[in-house]
Amino acid sequence: MSDDTKPIPPGSTIGILGGGQLGRMFSAVALRMGYKTVIYSDVDNAPAFETASESIVADYKDEDKLKDFAEKCDVITLEFENIPIETLEFLSEADVLVRPNADVLRIAQYRVEEKKFFDANKIPTAEWQHVRNIDELAEISKLNGILKLARNGYDGKGQFTVSPDNPLPDFQEDAIFEERINFEQEISVIIARTASGSLHYYEPIHNIHKFHILHSSTPAQINQTASDRAIEIAKKVAVSLNLIGMVAVEMFLCENDEIYVNEIAPRPHNSGHWTMDGANICQFELLLRTICNLPIPKLYITQRVTMINLLGDDVHKWGHYLDQEDEKIYIYGKTEIRANRKMGHANIITPLPPKS
């Protein structure tokens, strides 16, 4: 394999594992910058296919298809974390750069390992316990918190509020129980780490959730102490993971500027969509520059943007956003509308005041 830090120039091919909206938007940016993209997905007619140079539909463990995929690509990344670990291991052995690697994915897609990673690296989290069934949960003395199934949880799926007033959820699989945190804001930091070890990040983002699903995101208006602390935690996560790629670090900001990490996602993140209209380099271009070893200038806010998710039937409001002077809309091309499914997003733009 060639030098891992050598630039991968325009004209090269980037492989993307997953065919959802993040792959769609990443692929569009890659094409703008002169790269070809190949999407690998196990779903027919995935949204990302429409912006890709080529697509492969196959099971994630189909070694013949994976070998063909690897041969087409100069570097491979992922757009969601529910990819089998074996897939990344096979691709790495096929002599192609895979960023992030299987070790990062192993931590991110299994909440028990994720929490152990935080503890081992002294990254603050809520108090938690590993439970495997309702009987183990019932033995916990202070039952006031959140039960989260250990795998395949996102957008509130597999999460249950546990309190003396609620019946215990019946489950027979790995889960974690977290004590409830009284937080003031939910925030996230999106950070990228290159093969040479340099770190590049956006300022903390304020996230508002409704029914456990992200509703809106905008650059956080918090004091410098809290901002610096959140960024330092994100840096520690990226370095401790030995990451090459991008990770979103979701956190709880509490009183006295205390911060606890909730979870990580080693890919572009819904909370970073504001960067498409509000930063000098959007999160998808940042990921491309990172995995292709391209120069990365300092990141900064160009205008204040609030991202609003369009969930389910909200996508029918596209005409409203198109009619506004300072609003932009992004539709993901999904053919089936379902309640609380992410169908698109809108960016509401507020120009920054002129510098004095």
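What you see is a predicted model, and the numbers here were worked out from it, not measured in a lab. Residue indices begin from 1 for each chain and proceed along its sequence in written order. Predicted model: local features are reported for residues with pLDDT of at least 70 only, side-chain atom pairs are reported and counted for 80 or more only, and whole-chain, interface and lining totals are derived from all residues. Each side-chain value is derived from all of the structure's non-hydrogen atoms; neither hydrogens nor water enter the calculation.

Peer 1: Can you walk me through the overall build of the protein chain in this structure?
Peer 2: Secondary structure elements follow DSSP: runs of H or I of four or more residues count as helices, runs of E of two or more count as strands, with numbering from the N terminus. For the protein chain, the helix and strand inventory stands at ten helices and 18 strands. Taken over C-alpha atoms, the radius of gyration comes to 20 Å for the protein chain, in line with the 21 Å a tight globule of 356 residues would show. Expressed as lengths along the three principal axes of its C-alpha atoms, the size of the protein chain is roughly 60 × 55 × 40 Å. Exposure classes here rest on a 1.4 Å probe applied to the protein chains alone. A residue is buried below 20% of its type maximum, exposed above 50%, and partly exposed in between. Within the protein chain, the proportion of its 356 residues that are buried is 53%. Areas reported here follow the Shrake-Rupley algorithm with a probe of radius 1.4 Å; residue values treat only the protein chains shown as occluding. Summing over all exposed atoms, the protein chain offers an accessible surface of approximately 16,500 Å²; the carbon and sulfur share of this is 46%. Of note, the protein chain has its 36 positive side-chain charges centred 4 Å away from the centre of its 53 negative side-chain charges. For a compact globule the rule gives 2.2 Å times the number of residues to the power 0.38, and the radius of gyration it is set against comes from C-alpha atoms. In this count, Lys and Arg are taken as positive residues and Asp and Glu as negative ones, while His and the chain termini are left out. In plain terms, the charge of a residue is placed at NZ if it is Lys, CZ if Arg, CG if Asp and CD if Glu.

Peer 1: Would you mind going over helix α1 (residues 21-32) with me for this structure?
Peer 2: In an α-helix there are 3.6 residues to a turn, and that puts residues three or four apart on one side. By definition here, a helix of n residues has an expected span of 1.5 Å times n minus one. A rise of 1.5 Å per residue sets the reference length of α1, with its twelve residues, at 16 Å; its end C-alpha atoms lie 17 Å apart and thus fit the reference within 8%. Buried residues dominate α1, accounting for nine of its twelve residues. Within the span of α1, buried status applies to Q21, L22, G23, R24, M25, F26, S27, V29 and A30. G34 sits one or two residues past α1 and shows a positive phi near 95°.

Peer 1: Looking at this structure, I do not really get the packing of aromatic side chains. What am I missing?
Peer 2: Given two aromatic rings, their pairing is described by the distance between the two centres and the angle made by the two planes. Put simply, two rings from Phe, Tyr or Trp (the six-membered ring, in Trp's case) pair if the centres are within 6.5 Å, and we call them stacked under 30 degrees between planes, edge-to-face over 60, tilted for the rest. One pass over the full model with this rule turns up six aromatic pairs. Both rings, one in F117 and one in F118, keep their centres 5.8 Å apart while their planes meet at 55°; by these two values the pair is tilted. A residue is classified by how much of its surface remains accessible, and F117, at 8% relative accessible area, is buried. The class for F118 is buried, based on a relative accessible area of 0%. When the centroid spacing of 4.8 Å and the interplanar angle of 25° are considered together, the rings of F183 and F252 count as stacked.

Peer 1: Please clarify how the environment of N347 should be interpreted in this entry.
Peer 2: Positionally, N347 belongs in strand β18 (residues 342-350). Along the chain, N347 and K328 lie 19 residues apart, while their C-alpha atoms are 5.2 Å from each other. We call two residues in contact whenever any of their non-hydrogen atoms come within 4.5 Å of each other. Sequence-distant contacts of N347, that is, excluding residues within four places in its chain, are made with H273, W274, M276, D277, V305, T306, M307, D326, E327, K328 and Y330. Whenever a nitrogen or oxygen atom comes within 3.5 Å of another N or O atom, the pair is scored as a polar contact, on the condition that within protein one atom can donate a hydrogen and the other can accept it, and that pairs from neighbouring residues in sequence are kept only if both atoms are in side chains. A polar atom in the side chain of N347 sits 3.2 Å from the backbone oxygen of H273. Within the local environment of N347, its side chain forms a polar contact with the side chain of D277, the two groups lying 2.8 Å apart.

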